[in-house]
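Letter by letter, the chains look like this.
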Amino acid sequence: MKNTFFNLALLIFCFTFGNLNFAQDIEVNIGKETKTEKRETIASAHHAGDDVIVLKSTMRLLRSNNYFLEIFDEKMDFVKRNEITLPDDDLNIYQMMYVNEKIYMFMLKNDKREEKNTLYGTTINRDGKFDSDIFELKEVDILKSSFNLFTISLSEDSTHFLVQSSPWSRDEDQDASSDFLIVDLDFQEVDNVSINFPYNERDFSIRSIQLDAKGNIHMLTSIAIEETRRKTLFNTSVEKEARVFTLYKGESEVEEYEINLLNEEAGFISQIKMKTDKLGRLQCAGFYSDKKGNSTRGVFAFTIDTDTKEISNVSSQEFTDEYLNQFLSDKQIRKKERKSERNAKKNPYERLYNYRIRDIVMKKGGGFYMVAEYYELRVTTTTTSNGATRTTYHYYYNDLMVIDVLKDNSVEWYARVPKRQHSTNDGGRFSGIITGLNNDNSLNIIFNDNTETSTVVDHDNSRSLKLKKSTVVLVKFEEDGNATKTPLFSSKELKTYVIPGASPVGRENDLVLYSLGKKKNRFTNVILN
């Protein structure tokens with residue numbers, strides 16, 4: 001481990017000579033770097049009170065992984081590392097959660113001979129030792145080891161675990177079904193139900209699940225639409241539409257909600273997410289388009305009231321030309337104007353493409369921010385003169401869309417954050433964003449940015465991110481839509497680079513960032529007051 005004088009000097013520079021936006025009262029604690037072992041990856045990381053708990057795994061050939069539990073203190077400095085010894089060589093750690101000051105661990109046993117997957121639950125202490133019994137939670141039949149894994153989630157009030165699994169079937173024409181097991185924090189069964197859906201297995205899939213504080217299970221699903229909705233006889237791709245199903249506590253039949261946006265232009269839902277807001281209501285929001293595929297022309301939102309079991313506050317709003325033009329170059333705007341004169345519906349510049357909703361950040365008192373990011377994966381293959389081929393995977397994480405939705409689901413404002421991140425053959429791990437919420441309901445977005453644009457919110461976005469010369473920045477949106485950008489620290493000097501996807505999920509205004517460099521890593525705590 002190494003802790004150079006630069007860590008202190010960097011903080012002094014940022015807070016004394018940096019952007020005046022540090023008057024926002026941002027506290028940044030940069031931890032000491034620690035060594036990264038070979039073939040070691042972070043399996044899970046959690047903000048646990050003032051500490052950070054990290055589960056790391058090391059791959060072993062033809063054997064189960066080795067697992068280690070690491071603890072970092074409130075200054076993000078390394079405290080200890082202990083190996084977790086599993087009771088069976090056939091077990092692997094499937095998922096780890098930190099709930100109510102306890103470390104919960106779920107383990108999976110894959111029995112290929114018996115064609116079964118079995119899920120177990122237990123708790124461990126901060127030394128990596130088991131401090132409770134090991135409970136068998138669920139066993140399912142499988143055909144291959146990749147089939148019929150489990151989806152484990154925590155209830156909205158952090159009092160129960162929900163385990164979802166789907167029985168494997170060789171007949172795709174039979175009705176889709178799914179099993180739901182609810183256990184308390186002592187792994188005692190509270191409910192165990194099986195649901196049959198009125199769609200066949202081939203045409204139905206569950207995209208996300210939530211267990212609310214009342215014990216209701218909400219499912220966001222996609223189903224294949226009727227044959228009459230397909231455009232041509234020769235279109236072999238299956239078009240799908242979103243549906244919400246809810247199994248209300250104490251009932252045996254699910255409630256199905258069809259989504260009607262009451263907008264003739266909203267023929268297709270291109271993106272949708274669901275989340276429970278601060279008032280306990282189930283909120284659904286996303287993008288719609290007049291074309292199928294990954295395009296978007298506007299935003300929609302609606303609420304499911306779990307008391308009345310009705311959909312309410314349905315709203316949709318088309319993006320204005322002024323907003324769409326912010327994402328286009330001058331050349332593209334001229335093309336858009338020429339094409340609009342002939343046929344606006346066939347004009348590709350009348351909508352945006354490749355945007356994915358990254359987060360729905362719920363505000364105190366109702367309402368939320370929706371944050372979307374341009375994402376695209378391109379694959380190129382080249383052939384040399386001697387016939388050898390090389391495949392390159394290009395990952396693009398570009399501009400952000402930020403949309404403010406009020407308590408009644410009306411859209412207050414939307415904004416663009418210029419960003420250009422491009423990498424190859426790395427899974428895009430240093431790209432992307434981390435979101436947080438201040439106590440005053442202002443939104444924070446953190447990402448790796450070029451140093452020359454680290455204080456500029458709106459710029460021409462002409463240069464792609466140079467990771468080795470980058471700065472970690474924070475973009476803050478006030479509730480009125482006013483935005484500022486603050487440089488937090490220089491990755492160039494620290495020689496470790498933030499991985500958004502591996503950063504622990506903690507408190508909304510108390511963020512932990514994970515950074516990786518050559519044979520070293522570190523954690524950084526960003527506190528937003």
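In this text the structure is predicted, and so the values were computed from the model without any measurement.

Reading the values: the criteria
Within any chain, residue numbers begin from 1 and follow the written order of that chain's sequence. This being a predicted model, a pLDDT of at least 70 is required before a residue's local features are given, and a value of 80 or more before pairs of side-chain atoms are given or counted; all residues contribute to the totals for chains, interfaces and linings. Each side-chain value is worked out from all heavy atoms of the structure, with water and hydrogens disregarded. Here a helix means four or more residues in a row that DSSP labels H or I, a strand means two or more in a row labelled E, and each is numbered from the N terminus. Here the term buried applies to any residue with accessible area under 20% of the maximum for its type, exposed to any over 50%, and partly exposed to those in between, with areas from a 1.4 Å probe on protein chains only. Only strands joined by at least two bridges in the DSSP assignment are considered to pair. Every axis corresponds to a line fitted to the C-alpha atoms, with the helix fit spanning only the stretch in contact, and the corresponding angles, defined between N-to-C directions, vary from 0 to 180 degrees. As used here, the term nonpolar core means buried Ala, Val, Leu, Ile, Met, Phe, Trp, Tyr and Cys residues forming a set that is joined through side-chain atoms within 4.5 Å. Any Lys or Arg side-chain nitrogen located within 4 Å of an Asp or Glu carboxyl oxygen qualifies as a salt bridge. Put simply, two rings from Phe, Tyr or Trp (the six-membered ring, in Trp's case) pair if the centres are within 6.5 Å, and we call them stacked under 30 degrees between planes, edge-to-face over 60, tilted for the rest.

**Considering unusual backbone geometry**
In step 1: One non-glycine residue, phenylalanine 187, lies in the positive phi region at around 65°.
In step 2: Note that phenylalanine 187 resides in the loop between β13 (175-184) and β14 (189-200).
In step 3: Residues other than glycine seldom take positive phi values, yet lysine 309 does so here, at roughly 60°.
In step 4: Of note, lysine 309 is situated in the loop between β22 (298-305) and β23 (310-318).
In step 5: Of the residues examined, lysine 309 reaches a relative accessible area of 26% and is grouped as partly exposed.

**With respect to the sheet that holds strand β4 (residues 51-60)**
In step 1: In space, the four strands of this open sheet follow the order β3-β4-β5-β6, with antiparallel pairing throughout. The sheet is open, and its two borders are formed by β3 (40-48) and β6 (78-84), each paired with just one other strand. For this sheet, the mean angle separating the axes of adjacent strands, direction not counted, is 20°.
In step 2: Direction of pairing for β4 relative to strand β5 (residues 63-72): antiparallel, over a ladder of eight bridges. Across the sheet, the residue bridging to isoleucine 53 is isoleucine 71, located in β5.

**Focus on the side chain of threonine 392**
In step 1: Here threonine 392 lies in strand β27 (residues 389-405).
In step 2: Given a relative accessible area of 14%, threonine 392 falls into the buried group.

**Some remarks on the nonpolar core**
In step 1: Membership of the largest hydrophobic core comes to 23 residues, with the highest contact counts inside it found for Phe287, Phe319, Met370, Met401 and Ile403.
In step 2: Of all the secondary-structure elements, those providing two or more residues to this core are β20 (282-289), β22, α2 (321-325), β25 (355-362), β26 (368-383), β27 and β28 (411-417).

**A closer look at the pattern of salt bridges**
In step 1: In total, this model carries 34 salt bridges according to the counting rule given.
In step 2: Residue lysine 109 is joined to aspartate 88 by a salt bridge in which the shortest nitrogen-to-oxygen separation is 3.5 Å. Highlighted residues: lysine 109 in strand β8 (residues 102-111) and aspartate 88 in the loop between β6 and β7 (91-99), separated in sequence by 21 residues.
In step 3: Between arginine 202 and aspartate 203 there is a salt bridge; the shortest N-O distance is 3.6 Å.

**Observations concerning the packing of aromatic side chains**
In step 1: Tallying each qualifying case throughout the model produces 26 aromatic pairs.
In step 2: Measuring from centroid to centroid gives 6.4 Å for tyrosine 199 and phenylalanine 245, while their planes differ by 80°, and the two rings are edge-to-face. With tyrosine 199 in strand β14 and phenylalanine 245 in strand β17 (residues 240-247), this residue pair connects regions lying 46 residues apart in the sequence. The pair tyrosine 199 / phenylalanine 245 is uniform in exposure class, with both members buried.

**Here's the deal with the pairing of strand β1 (residues 26-30)**
The side chains of a regular strand alternate between both faces of the sheet.
In step 1: Because side chains alternate across β1, one face comprises the buried residues Ile26, Val28 and Ile30, and the other comprises Glu27 and Asn29, none of which is buried.
In step 2: Relative to strand β36 (residues 520-528), β1 runs antiparallel, the two sharing five bridges. Looking at the pairing, isoleucine 26 lines up with leucine 528 of β36.

**Quick look at the sheet that holds strand β18 (residues 255-258)**
In step 1: If you trace the four strands from one edge of the open sheet to the other, you get β15-β16-β17-β18, paired in antiparallel fashion. Edge positions in the open sheet fall to β15 (204-211) and β18, since each of these has one partner strand only. Across the sheet, the mean angle from the axis of one strand to that of its neighbour is 25°, orientation sign disregarded.
In step 2: Bridge analysis of strand β16 (residues 217-224) against β17 gives eight bridges, and the strand direction is antiparallel. The residue of β17 that forms the bridge with alanine 224 is lysine 240.

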